[in-house]
Amino acid sequence: MPTRESVFVVDDDPSMRASLNRLLRAHGFVVTLFDSAEALLDHDSFETAICIVLDINLDGKSGVDLRRKLAAGGVTAPVIYITGNDSAVNRTAAVASGCVAYLTKPFTAQSLIDSVARAAAA
């Protein structure tokens, strides 16, 4: 059985992906980057994910809907939502879909690292 070894990052903003990649690698995590919901869905090794850092808004698509689709397909990796578009509706939907954290941009580096560490320990 594969070990959980990589943090999956799904964000359609190239600069945000690059920043998260640098931050997570600097803290010793292996990172796998995805630029869209489709790219993540095309991936077939979800059992290697420590967690999925998932943007709420992915180029017009819903990260929460993506999470639900993954869960329906049997993907059990913990999810950390990130968003620059915080709202009560987004927050409620994210929590209802199941997540270990909901972080609003700009979030602190430590809040992300702590969230990933919690997911890794789960």
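Since the structure is predicted, the reported quantities are computational estimates derived from the model, not experimental observations.

A. Structural context of the pattern of salt bridges. Here the structure, examined in full by the defined rule, presents five salt bridges. The closest approach of N and O atoms between K105 and D11, which form a salt bridge, is 3.3 Å. A residue pair is termed long-range when its members are at least 10 positions apart, and K105 in the loop between β7 (101–104) and α5 (109–121) and D11 in the loop between β1 (6–10) and α1 (14–26) qualify at 94 residues. By relative accessible area, K105 is classed as partly exposed at 27%. A relative accessible area of 0% places D11 in the buried class. It is possible to trace a salt-bridge network through shared partners that takes in D11, D55 and K105.

B. The side chain of S6, seen in detail. Tracing the backbone shows S6 in strand β1. For S6, a relative accessible area of 3% puts it in the buried group. A distance of 3.5 Å separates the side chain of S6 from the backbone oxygen of V30, its partner in a polar contact. Separated by 2.7 Å, the side chains of S6 and T32 make a polar contact.

C. Structural detail: the packing of aromatic side chains. The full count for this structure, using the stated rule, is two aromatic pairs. Look at F8 and F34: their rings are 5.3 Å apart centre to centre, the planes differ by 55°, and that puts the pair in the tilted class. With a gap of 26 residues between them, F8 in strand β1 and F34 in strand β2 (residues 30–34) connect regions that are remote in the sequence. Like F34, F8 is buried. Look at F8 and F46: their rings are 6.2 Å apart centre to centre, the planes differ by 50°, and that puts the pair in the tilted class. Pair noted here: F8 is in strand β1 and F46 is in the loop between α2 (37–42) and β3 (49–55), with a separation of 38 residues, a long-range link. Neither F8 nor F46 differs from the other in exposure class; each is buried. An aromatic cluster of three or more residues is present, and its members are F8, F34 and F46.

So, how was this worked out
Residues numbered from 1 in each chain as written. Predicted model: local features only at pLDDT ≥ 70, side-chain atom pairs only at ≥ 80, totals over all residues. Heavy atoms only, no water. Salt bridge = Lys/Arg side-chain N within 4 Å of Asp/Glu carboxyl O. Helix = DSSP H or I, 4+ residues; strand = E, 2+ residues; numbered from the N terminus. Buried < 20%, exposed > 50% of the residue type's maximum accessible area, 1.4 Å probe, protein only. Polar contact = N/O pair within 3.5 Å; in protein donor to acceptor, adjacent residues only side chain to side chain. Phe/Tyr/Trp six-rings, centres within 6.5 Å; stacked < 30°, edge-to-face > 60°.

Note that every value here comes from positions in space, so none of it alone points to a role or purpose.
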